[in-house]
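Spelled out, the chains give:
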Amino acid sequence: MSDVGWSTEQRAAVRRWMLFATLFAVAGVVLSVFLIVAGNSGGWVVLVMTLCMYGALHMFIGNRKNKRPG
């Protein structure tokens, strides 16, 4: 079954969710930097987890965009 592409509403929803995810990623990076500066080694774990989750989401959305026809 071929992918017929995303409708305008679907693209708008993806933009909204990516903005939401980006805001949470920025908050996670700020929190992790604060923890690292405070001397808590858990800040590195939070940083890696935040960047991995955001990177996976970004790659998934990019992969879906590249598979669209036209």
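Here, every reference points to the structure presented above.
Residues numbered from 1 in each chain as written. Predicted model: local features only at pLDDT ≥ 70, side-chain atom pairs only at ≥ 80, totals over all residues. Heavy atoms only, no water.

A.B. asks: I'd like a rundown of the overall build of the protein, residues and numbers included.
C.D. replies: When its secondary structure is counted, the protein shows two helices and zero strands. Considering only contacts in the protein between residues 6 or more positions apart, those separated by 24 or more positions represent 59%. Total accessible area computed for the protein in this model is approximately 5500 Å², and 71% of it derives from carbon and sulfur atoms. (Helix = DSSP H or I, 4+ residues; strand = E, 2+ residues; numbered from the N terminus. Contact = heavy atoms within 4.5 Å. Areas by Shrake-Rupley, 256 points an atom, 1.4 Å probe, with all protein chains shown as cover.)

A.B. asks: Provide a residue-level description of the side chain of Thr 50, including the pertinent values.
C.D. replies: For Thr 50, the position within the fold is in helix α2 (residues 42-66). Not counting residues up to four positions away in its chain, the partners in contact with Thr 50 are Ala 25, Gly 28 and Val 29.

A.B. asks: Quick one: what's the story with the packing of aromatic side chains, residue by residue and with numbers?
C.D. replies: The full count for this structure, using the stated rule, is two aromatic pairs. Centroid distance Trp 17 to Phe 20: 5.6 Å. Interplanar angle 85°. Geometry classified as edge-to-face. With Trp 17 and Phe 20 both in helix α1 (residues 8-37), this residue pair falls three residues apart, about one helical turn. With relative accessibility at 42%, the residue Phe 20 sits in the partly exposed group. Judged by centre distance (4.9 Å) and plane angle (75°), the rings of Phe 20 and Phe 24 are edge-to-face. (Phe/Tyr/Trp six-rings, centres within 6.5 Å; stacked < 30°, edge-to-face > 60°. Buried < 20%, exposed > 50% of the residue type's maximum accessible area, 1.4 Å probe, protein only.)

A.B. asks: Quick rundown of the environment of Leu 51? Include the residues and the values.
C.D. replies: Note that Leu 51 resides in helix α2. Considering only alpha carbons, one finds Leu 51 and Ala 25, 26 residues apart in sequence, at a separation of 7.2 Å.

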